[in-house]
Amino acid sequence: GEITNIGSNSEISIRDLFALITRLAGVEAMAVEEHERVRPANSEVRRLWCDNSKIKRITGFSPSYSLEEGLNMTIEWFRKSENIRRYKEKKYNV
């Protein structure tokens, strides 16, 4: 009955995440900011870091994959045409 964070106990900026994804995918890309998707000033926290010490202490959980491993698996999923047919790239999901 308690709230428990499950995560990697690390953080990455959106800029660094974008750079990592493009490097792993082997593509050159430029990030584009869409004005209507920018959150108002002071509406969002600046940093998110999942402290997973509680879940580790209670259950022994630790992530099975690094961020890079998980991204590589995701990129490979997107490279398969049968998966792309099911993906709704025009729909913005929150």
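Coordinates for the structure precede this section.
Thresholds applied
Residues numbered from 1 in each chain as written. Predicted model: local features only at pLDDT ≥ 70, side-chain atom pairs only at ≥ 80, totals over all residues. Heavy atoms only, no water. Helix = DSSP H or I, 4+ residues; strand = E, 2+ residues; numbered from the N terminus. Salt bridge = Lys/Arg side-chain N within 4 Å of Asp/Glu carboxyl O. Buried < 20%, exposed > 50% of the residue type's maximum accessible area, 1.4 Å probe, protein only. Axes fitted to C-alpha atoms, helices over the stretch in contact; angles between N-to-C directions. Parallel < 35°, antiparallel > 145°, perpendicular 65-115°, else oblique. Left-handed = near helix turned anticlockwise from the far one by under 90°. Contact = heavy atoms within 4.5 Å. Nonpolar A, V, L, I, M, F, W, Y, C, P; charged D, E, K, R; others polar.

**Student:** Where do I start with unusual backbone geometry in this structure?
**Tutor:** Glycine aside, residues mostly have negative phi angles, and peptide bonds mostly take the trans form. Positioned with a positive phi, asparagine 9 is a non-glycine residue whose angle comes to about 65 degrees. Note that asparagine 9 resides in the segment before helix H1 (14-25). The residue asparagine 42 is not glycine, and still its phi comes out positive at about 65 degrees. Mapped onto the fold, asparagine 42 is located in the loop between H1 and helix H2 (53-59).

**Student:** Mind showing me how you'd approach the pattern of salt bridges here?
**Tutor:** A pair can form between side chains of opposite charge whenever their charged atoms are brought close. With the rule as written, the count across this model stands at four salt bridges. For the salt bridge of glutamate 2 with lysine 54, the shortest nitrogen-to-oxygen distance reads 2.7 Å. You can see glutamate 2 sitting in the segment before H1 and its partner lysine 54 sitting in helix H2, a full 52 residues away along the chain. The exposure class assigned to glutamate 2 is exposed, which follows from its relative accessible area of 59%.

**Student:** Please explain the packing of H1 against helix H3 (residues 67-78) as it appears in this structure.
**Tutor:** The angle between the axes and the distance between the axes are what describe a pair of packed helices. Relative to each other, H1 and H3 sit at 55 degrees, their axes nearing to 10 Å. With respect to H3, the axis of H1 lies oblique. Crossing of H1 over H3 shows right-handed handedness. Contacts from Leu17, Leu20, Ile21, Arg23, Leu24 and Ala25 of H1 reach H3 at Leu67, Glu68, Leu71, Asn72 and Ile75. Its residues assigned to classes, the contact of H1 with H3 shows eight nonpolar, one polar and two charged.

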